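# Results of the structural survey
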Amino acid sequence: MRNHSAIWPSAEWHLNRFNPDEPIFYFSPKTLQDTARKFLEGFGGVVTYAVKANDQVVVLENLVGAGLRAFDVASPHEMARVRDVLPEAELHYHNPIRSTDEIACAIGHGIRSWSVDCLSELEKLIGVPREGTEIAVRLRLPIKGGAYDFGEKFGATPEEAIPLLRRVVDMGFIPTMTFHPGTQCVDPKAWATYIGRVAQIAQDAGVTLARLNVGGGFAAHRVGQAPDLKMVFSCIAHEVTKAFGEVAPELVCEPGRAMVAEAFTLALRIKAIRSDGSLFLNDGIYGSLAELRDMELSDRVIVLRAQQGQLTGPMQDRVVFGPTCDSVDRLPDPMPLPSEVAEGDYLLLEGMGAYSSSISTRFNGYGDQQIITITDA
Ligand SMILES: *Cc1c(COP(=O)(O)O)cnc(C)c1O
């Protein structure tokens, strides 16, 4: 990934001027900072950013610029990356599975927030300094909230969570709980169900929770209307009051996708069109479109022809291939595009900042997207 220091007015302006042949992420720092402020001002608690969604330095720097001080990190590499940008950052190490070497490294980074989902991993934290350190028991419920489910891999069942929580207290740590409702979660009821169950578990365990981390999972704008974040925040606040009453824990959230998605527009170029109508792009599922293996297409695609502007008119479904020589490199669903599209035209995919560059491979020598900063929101 190369990041250019020049700043341009808009994606369209840059495409018209330079006709780039490589995939480009157009980055709007203003959009990122506005989104960060929406979380900081609207969510009634501590806002952390889940670094895995996009760990580019410009992302971390602009979040810090907007006032963010806390980050959810899953590996020593992510810890170092955040520390480089903000040495005094508050780091939450919420990957519940860790090697003993990783634990030692995290202690060196001064981690004060850990999450666990099983007893054996909790016992591995015996050497962690207790002072001001919370351990969050991660809960998993059999509900489907998101587009795909991070929770299938991690989380204790309610029955497992009770003894875990008691053991956290016995070990002398600050007891807290956490969950993740699944990424791109469009239904606030998923949070409501989790919050109600967390309160029940804490009560059954006889433990007062200092904090409750309601995870990430906040939806980005992918299809139809932009999701209403404020509505989700007020639903969470309402459920917490309902479930905990007077002794409500302090809230924490850890958005990845919803924080960063809107700040990047991905520009891809049509390399070739076959006589059967299928077309080849300069990036695909081995690159920045990797998530499309698990998620439906976004409807936020604009087609541009350099110097001529946006193509409209009747649409036609096209089979879309990526640039590598692997036949797996094909989008699972056909993409509706204006029927007059031609080789050399650009696809502008909006809201592509999350889980795009961060999971892109360099397979077959492709996947080297560039970042161009724009002032346009
Ligand atoms: C991935 C992850 C997040 C971010 O999830 P989004 O759906 O991108 O908001 C938050 N917390 C944890 C523990 C995660 O693993």
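Attention here is on the structure that accompanies the text.

The rules behind the values
Residues numbered from 1 in each chain as written. Predicted model: local features only at pLDDT ≥ 70, side-chain atom pairs only at ≥ 80, totals over all residues. Heavy atoms only, no water. Near = heavy atom within 4 Å. Polar contact = N/O pair within 3.5 Å; in protein donor to acceptor, adjacent residues only side chain to side chain. Areas by Shrake-Rupley, 256 points an atom, 1.4 Å probe, with all protein chains shown as cover. Nonpolar A, V, L, I, M, F, W, Y, C, P; charged D, E, K, R; others polar. Axes fitted to C-alpha atoms, helices over the stretch in contact; angles between N-to-C directions. Helix = DSSP H or I, 4+ residues; strand = E, 2+ residues; numbered from the N terminus. Parallel < 35°, antiparallel > 145°, perpendicular 65-115°, else oblique. Left-handed = near helix turned anticlockwise from the far one by under 90°. Contact = heavy atoms within 4.5 Å. Pairing = 2+ DSSP bridges. Buried < 20%, exposed > 50% of the residue type's maximum accessible area, 1.4 Å probe, protein only. Lys, Arg positive; Asp, Glu negative; His and termini not counted. Salt bridge = Lys/Arg side-chain N within 4 Å of Asp/Glu carboxyl O. Expected span 1.5 Å × (residues − 1). 1 Å grid on protein atoms, 1.4 Å probe; cavity = no way out; pocket = protein on both sides within 12 Å on 5 of 7 lines; lining within 4 Å. Points joined across faces, edges and corners; volume = space filled by probe spheres on them.

Quick look at the site of the ligand now. Close to the ligand lie 15 residues; Lys52, Thr183, Glu254, Arg257 and Tyr355 are nearest. The separation between an oxygen atom of the ligand and a polar side-chain atom of histidine 180 is 2.8 Å. The backbone of glycine 256 places a nitrogen or oxygen atom 2.9 Å from an oxygen atom of the ligand. For the ligand, whose accessible area on its own is 390 Å², the fraction buried by protein is 93%. Tallied by class, residues from the shell around the ligand come to 4 nonpolar, 6 polar and 5 charged.

Our next topic: the packing of helix α8 (residues 189-205) against helix α9 (residues 229-244). Contact geometry of α8 with α9 gives a least axis separation of 9 Å together with a crossing angle of 25°. Between α8 and α9, the crossing angle belongs to the class labelled roughly parallel. The element α8 and its partner α9 pack so that their crossing is right-handed. Contacts between α8 and α9 pair Trp191, Ala192, Ile195, Gly196, Val198 and Ala199 from the former with Val232, Ile236, Glu239, Val240, Ala243 and Phe244 from the latter. Each residue belonging to the contact of α8 with α9 can be placed in one class, and the counts come to 10 nonpolar, 1 polar and 1 charged.

Turning our attention to the sheet that holds strand β10 (residues 250-253). Read around the barrel, 8 strands follow the order β3-β4-β5-β6-β7-β8-β9-β10 and close on themselves; strand pairing throughout is parallel. In this sheet, neighbouring strand axes are inclined to one another by 25° on average, regardless of whether the strands run parallel or antiparallel. The pairing of strand β6 (residues 113-116) with strand β7 (residues 134-138) spans 4 bridges and is parallel. If you follow tryptophan 114 over to β7, its bridge partner there is isoleucine 135. Sheet contacts for helix α7 (residues 158-170): β7 and β8 (174-178); angle to β8, the most-contacted strand, approximately 150°.

Further remarks concern the side chain of arginine 222. Along the chain, the position of arginine 222 falls in the loop between β9 (211-213) and α9. No salt bridge forms around the buried arginine 222; measuring N to O, its nearest opposite-charge neighbour glutamate 296 is 4.9 Å away. For arginine 222, the contacting residues outside a window of four places in its chain are Gln184, Leu292, Met295, Glu296, Leu297, Ser298, Asp299 and Arg300.

Turn by turn, an α-helix covers 3.6 residues, leaving residues three or four places apart pointing in a common direction. With 14 residues, helix α2 (residues 29-42) extends 20 Å from end C-alpha to end C-alpha; this agrees with the ideal 20 Å at 1.5 Å per step. Of all the residues in α2, the buried ones are Thr31, Leu32, Gln33, Thr35, Ala36 and Phe39. Check the buried side of α2 and you find it contacts β2 (24-27), β3 (45-50), α3 (57-65), α9, β10 and α10 (257-260).

So, on to the packing of α3 against helix α4 (residues 76-85). Their axes nearest at 10 Å, the elements α3 and α4 cross at an angle of 55°. Taken together, the axes of α3 and α4 are oblique relative to one another. Note that α3 runs across α4; the crossing there is right-handed. Contacts between α3 and α4 involve Val57, Leu60, Glu61 and Val64 on the former and, on the latter, Arg81, Val82 and Val85. Among the residues making up the contact of α3 with α4, the classes are represented as 5 nonpolar, no polar and 2 charged.

Turning our eyes to something else, we now look at the pattern of salt bridges. Enumeration over the complete set of coordinates arrives at 14 salt bridges. Among the salt bridges present, the one from arginine 211 reaches glutamate 90, with a minimum N-O distance of 3.9 Å. With arginine 211 in strand β9 and glutamate 90 in strand β5 (residues 90-93), the pair connects residues that are 121 residues apart, well separated along the chain. Overall, the relative accessible area of 15% leaves arginine 211 in the buried class. Using a relative accessible area of 35% as the deciding quantity, one classes glutamate 90 as partly exposed.

Its place among the elements puts asparagine 3 in strand β1 (residues 2-8). C-alpha of asparagine 3 to C-alpha of valine 58: the two residues are 55 residues apart in sequence and 8.6 Å apart in space. The contacts of asparagine 3, once residues within four sequence positions are left out, are Val58, Ile371 and Thr373.

Moving on, we come to the environment of aspartate 101. Relative to the assigned elements, aspartate 101 resides in helix α5 (residues 100-108). With 25 residues separating them along the chain, aspartate 101 and proline 76 place their C-alpha atoms 9.7 Å apart.

With that settled, consider empty space enclosed by the protein. One pass over the structure, following the stated rule, counts 5 cavities of 30 Å³ or more. Approximately 150 Å³ is the volume found for the largest cavity. Forming the walls of the largest cavity are 17 residues, and the residues nearest its centre are Arg222, Glu291, Gly351, Met352 and Ala354. For the lining of the largest cavity, the class distribution of residues is 7 nonpolar, 6 polar and 4 charged. Considering only enclosed or pocket space, the second largest cavity measures out at about 50 Å³ in volume. Arg222, Leu292, Leu297, Ser298, Val301, Met335, Leu349, Glu350 and Met352 are the residues that line the second largest cavity.

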